[in-house]
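Inside the fold
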Amino acid sequence: MEGLSLQYLYLGVVIFMAVVFGWFISQDAKKFSGGQNSLSKIHNSIIYALSYINENMLENGRFIYIRNLKSKYKVNKNTYNTTNHARMLYTMYLCERELNIQGLAERRRISAKYFVEHYVRPMGFGRYAVISNPEEENLKCEKAKLSATAMALVAFSDLRLEGIIPDEIFQGMGQFLLFMQMKNGQFYNCYDTANEGIGIDNLNLNYTGDAPFGLLYLYEFDPKQKWLNGAKKGLLFLANLRKNLKDVQFDYCSMLATEKLFNTKDNGLSEDEKKLLQQHLIKMVEQVIPKQIINQEEHYYGAFIDNIKPLSIACIVEGLISTYNCIDDDILKMRIMKSINTGIKFLRLVQIQKGPLKGGFPNSADWKELGVPKSASLVRMDTVQHALAACVKFQNMFIS
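Note that this is a predicted model, so its numbers are computed, not measured.

In this section: the packing of helix α10 (residues 252–262) against helix α12 (residues 310–324). One way to put it is that α10 packs onto α12 with a least axis distance of 8 Å and a crossing angle of 30°. Taken together, the axes of α10 and α12 are roughly parallel relative to one another. You can see that α10 and α12 cross each other, and the crossing is left-handed. Of the residues in α12, those in contact with Y252, M255, L256 and E259 of α10 are C315, E318, G319, S322 and T323. Classifying every residue of the contact of α10 with α12 gives 4 nonpolar, 3 polar and 2 charged.

Under the 1.5 Å per step criterion, the end-to-end length of helix α9 (residues 225–242) is 26 Å for 18 residues, consistent within 8% with the ideal 26 Å. The set of residues buried in α9 consists of W227, L228, G230, A231, K232, G234, L235, L236, F237, L238, A239 and R242. Looking at the buried side of α9, the elements it contacts are α7 (167–179), α8 (210–221), α10 and α11 (271–288).

This next bit is on the packing of aromatic side chains. Enumeration according to the criterion identifies 10 aromatic pairs in this entry. Between F115 and F156, the aromatic rings sit 6.1 Å apart at their centres with planes inclined by 70°, giving edge-to-face as the arrangement. In this pair, F115 is assigned in helix α4 (residues 105–119) and F156 in helix α6 (residues 146–156), connecting sequence segments 41 residues apart. Per residue, the accessibility class of F115 equals that of F156, and both read buried. Between F394 and F398 the ring centres are 5.2 Å apart and the planes differ by 70°, which places this aromatic pair in the edge-to-face class. With a gap of 4 residues between them, F394 and F398 both fall in helix α14 (residues 381–399), about one helical turn apart. The class for F394 is buried, based on a relative accessible area of 0%. Linked through ring pairs, Y65, Y80, Y114, F115, Y119 and F156 together constitute an aromatic cluster. Taking NZ or CZ as reference, R127 lies 3.9 Å from the ring centre of F179, over its face. Across the ring face of Y217, the terminal group of K260 is positioned such that the distance to the ring centre comes to 4.0 Å.

The full count for this structure, using the stated rule, is 17 salt bridges. Of the charged contacts in the structure, one is a salt bridge between D158 and R108, with a shortest N-O distance of 2.8 Å. With D158 in the loop between α6 and α7 and R108 in helix α4, this pair connects stretches of sequence that are 50 residues apart. Comparing D158 with R108 shows no difference in burial state: the two are buried. Through salt bridges with shared partners, a single ionic network connects R97, E98, E220 and K260.

Now for the pairing of strand β2 (residues 120–124). As judged from the 4 bridges shared by β2 and strand β3 (residues 127–132), these two strands associate in the antiparallel manner. Note that in β3 the partner of R121 across the bridge is A129. Taken together, β2 and the strand that follows it, β3, pair antiparallel across an intervening segment of 2 residues, in which F125 is found at a positive phi of about 60°.

This paragraph deals with helix α3 (residues 82–99). A rise of 1.5 Å per residue sets the reference length of α3, with its 18 residues, at 26 Å; its end C-alpha atoms lie 25 Å apart and thus fit the reference within 8%. The element α3 is extensively covered by neighbouring structure, given that 16 of its 18 residues are classed as buried. The distance from a side-chain oxygen at the start of α3 to the backbone nitrogen of T83 is 2.9 Å, and the residue carrying that oxygen is N81. Residue N100 follows α3 closely and has a positive phi angle near 55°.

Another aspect to go through is the nonpolar core. Within the largest apolar cluster, 121 residues are counted, with the highest numbers of intra-cluster contacts made by I46, F115, F156, I336, I340 and I344. Setting aside residues no more than four positions away along its own chain, I340 makes contact with V317, L320, I321, Y324 and F394.

So, about a nonpolar patch on the surface. A cluster of nonpolar residues, L39, F398 and I399, forms a patch on the protein surface that exposes about 220 Å² of accessible area. Take F398: its relative accessible area is 31%, and that puts it in the partly exposed class.

With that settled, the discussion passes to the environment of A390. Residue position: A390 is located in helix α14. The class for A390 is buried, based on a relative accessible area of 0%. Put simply, A390 and I321 are 69 residues apart on the chain and 8.2 Å apart in space, counted from C-alpha to C-alpha.

Conventions and cut-offs
- Residues numbered from 1 in each chain as written.
- Predicted model: local features only at pLDDT ≥ 70, side-chain atom pairs only at ≥ 80, totals over all residues.
- Heavy atoms only, no water.
- Axes fitted to C-alpha atoms, helices over the stretch in contact; angles between N-to-C directions.
- Helix = DSSP H or I, 4+ residues; strand = E, 2+ residues; numbered from the N terminus.
- Parallel < 35°, antiparallel > 145°, perpendicular 65-115°, else oblique.
- Left-handed = near helix turned anticlockwise from the far one by under 90°.
- Contact = heavy atoms within 4.5 Å.
- Nonpolar A, V, L, I, M, F, W, Y, C, P; charged D, E, K, R; others polar.
- Expected span 1.5 Å × (residues − 1).
- Buried < 20%, exposed > 50% of the residue type's maximum accessible area, 1.4 Å probe, protein only.
- Phe/Tyr/Trp six-rings, centres within 6.5 Å; stacked < 30°, edge-to-face > 60°.
- Lys NZ or Arg CZ within 6 Å of the ring centre and 35° of its normal.
- Salt bridge = Lys/Arg side-chain N within 4 Å of Asp/Glu carboxyl O.
- Pairing = 2+ DSSP bridges.
- Polar contact = N/O pair within 3.5 Å; in protein donor to acceptor, adjacent residues only side chain to side chain.
- Core = buried A, V, L, I, M, F, W, Y, C linked by side-chain atoms within 4.5 Å.
- Patch = residues over 30% accessible without salt bridge, like charges linked within 9 Å, V, L, I, M, F, W, Y side chains within 5 Å.
- Areas by Shrake-Rupley, 256 points an atom, 1.4 Å probe, with all protein chains shown as cover.

So yeah, pure geometry; function would need other evidence.
Have a look at this one:
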């Protein structure tokens, strides 16, 4: 009888905790639906950002990469970045795919054609890659870039069905990603076309999560096992490498890719592999959430004590949303949701609300302050892209 009573007591505690958690979640949902991050306001931020992109996309599909809120400061009009162009195409695709926003398809096709004509080239042996222009990216020579190729794969994944991107190029970019992968799962970041090779200087963990992301989108439309295996191997390498490290970089690229892998049917992950990847996400999340400014009286509420740049906050929000969708810990999910909601509020309030650059985002939230670097007032296309992606993913959490 005593054992049975303890079981009833335990069951009662569990039910009570579930009710309490449900109450907190319902309060957060009420705050969201009726507060400063209502769906209508988030939708407005999305439309403003899309309007900025539309206004800063040339007829040929190229983007105006940098503008300045303080027009007296000049910017280099030749500066460009292939990876960020590819990311912009991905975000436009995200708007179409997740929110069914009309009017983007034709503009994205034009921009994709420009990108392929100017930056995608054969690498031999059936491989294709995105080649950066040294003059645009301040490089010593042309480089075939891992991240740009991976994100182009994501952005082109539906266009191949329309004949815009030939299967030869589509699969060739996947072949390039696998060519850049080492036996242990790690990826090289770029291929030096001048020297026709890759070296130890091209090993960098930053943004290598893009490669699994691209391979998983390729697998979605071309279900060959080698694409899935390459993606899994790359993500498991990162998770294993970082599991015993005290401090790890917030790698939003691998977080997005992990979410995509979890959502891939028949992904072949064992329970141990799934837990390893979840712990990888949690470790990164636990290192950023405590740094967030959560005092509503603070000027940069929603940013972080060591970072008030909208680009960084948007990337963090993207990663937090992916983590939220991958883990099972309800208490941690509640903390993550609060952090996401606060970060989105920061992005929405720092967005330019009027003038010729309406819908854009400054390089730094303190751009109006005296004595800040001139770069603070720059409106970069990659900042707009990441902030838009964060808002789209956030809104999709509530309407899907």
